[in-house]
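Working through the structure, step by step
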Amino acid sequence: MLVMSIVQDVVILLMWITLLLGFFNTFAFTAGLIKLIIRKYIWTLGFGVVYLIMSLSYHIWILTSRWNNTGEYVWNEGLQIYYVIHKLITLYYYYLYKRAIYRLSDPKLYSDSQWMRTHMNIH
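Described in the following lines is the structure provided in the data block. Computed from a predicted model, the values in this text were never measured in an experiment.

Right, let's talk about the side chain of Ser-55 for a bit. Relative to the assigned elements, Ser-55 resides in helix α4 (residues 42–68). Apart from the residues lying within four places of it in its own chain, the contact partners of Ser-55 are Asp-9, Ile-12 and His-86.

So this is what it looks like as structure tokens:
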């Protein structure tokens, strides 16, 4: 169980690295329009932080519960409620993550375009 939790948390961190590398490779980021990228992907970044914190806390909770009660099956009401909330956050996080990766493939983010110029002049 410990190894599986560690692998899952490492994969979440690798997903973050992949997303950030996608941000760093855009023309908007290299042109200094970091606020534009952050504003466009704020929900993905926010839910990413929430999902990472919830996953870490869930893994810590379940592992400490099992280590403290080695001979018993540990699944109390609080853990069950937290599990359901965690899975609902998970669904929405993966939806936002996949949408962000899809939106990063937009060609207007990788070249100087009229869309980019209008955002540079407005902000």
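Turning our eyes to something else, we now look at the packing of helix α1 (residues 2–24) against helix α5 (residues 77–103). Orientation of α1 relative to α5, taken along the N-to-C sense of each, is 30°, at an axis distance of 10 Å. The orientation of α1 with respect to α5, classified from their angle, is roughly parallel. For α1 against α5, the interelement crossing comes out left-handed. Of α5, the residues touching α1 (which contributes Met-15, Trp-16, Thr-18 and Leu-19) are Tyr-93, Tyr-94, Tyr-97, Ala-100 and Ile-101.

Attention now goes to the nonpolar core. Core analysis: the biggest nonpolar cluster contains 28 residues, and Leu-19, Phe-23, Ala-28, Ile-37, Tyr-41, Tyr-93 and Leu-104 have the highest contact counts within it. If you list the elements that add at least two residues to this core, you get α1, α3 (34–40), α4 and α5. Apart from the residues within four sequence positions on either side, Ile-37 is in contact with Phe-23, Thr-26, Ala-28, Phe-29 and Leu-109.

Cut-off values and rules
- Residues numbered from 1 in each chain as written.
- Predicted model: local features only at pLDDT ≥ 70, side-chain atom pairs only at ≥ 80, totals over all residues.
- Heavy atoms only, no water.
- Helix = DSSP H or I, 4+ residues; strand = E, 2+ residues; numbered from the N terminus.
- Contact = heavy atoms within 4.5 Å.
- Axes fitted to C-alpha atoms, helices over the stretch in contact; angles between N-to-C directions.
- Parallel < 35°, antiparallel > 145°, perpendicular 65-115°, else oblique.
- Left-handed = near helix turned anticlockwise from the far one by under 90°.
- Core = buried A, V, L, I, M, F, W, Y, C linked by side-chain atoms within 4.5 Å.
- Buried < 20%, exposed > 50% of the residue type's maximum accessible area, 1.4 Å probe, protein only.

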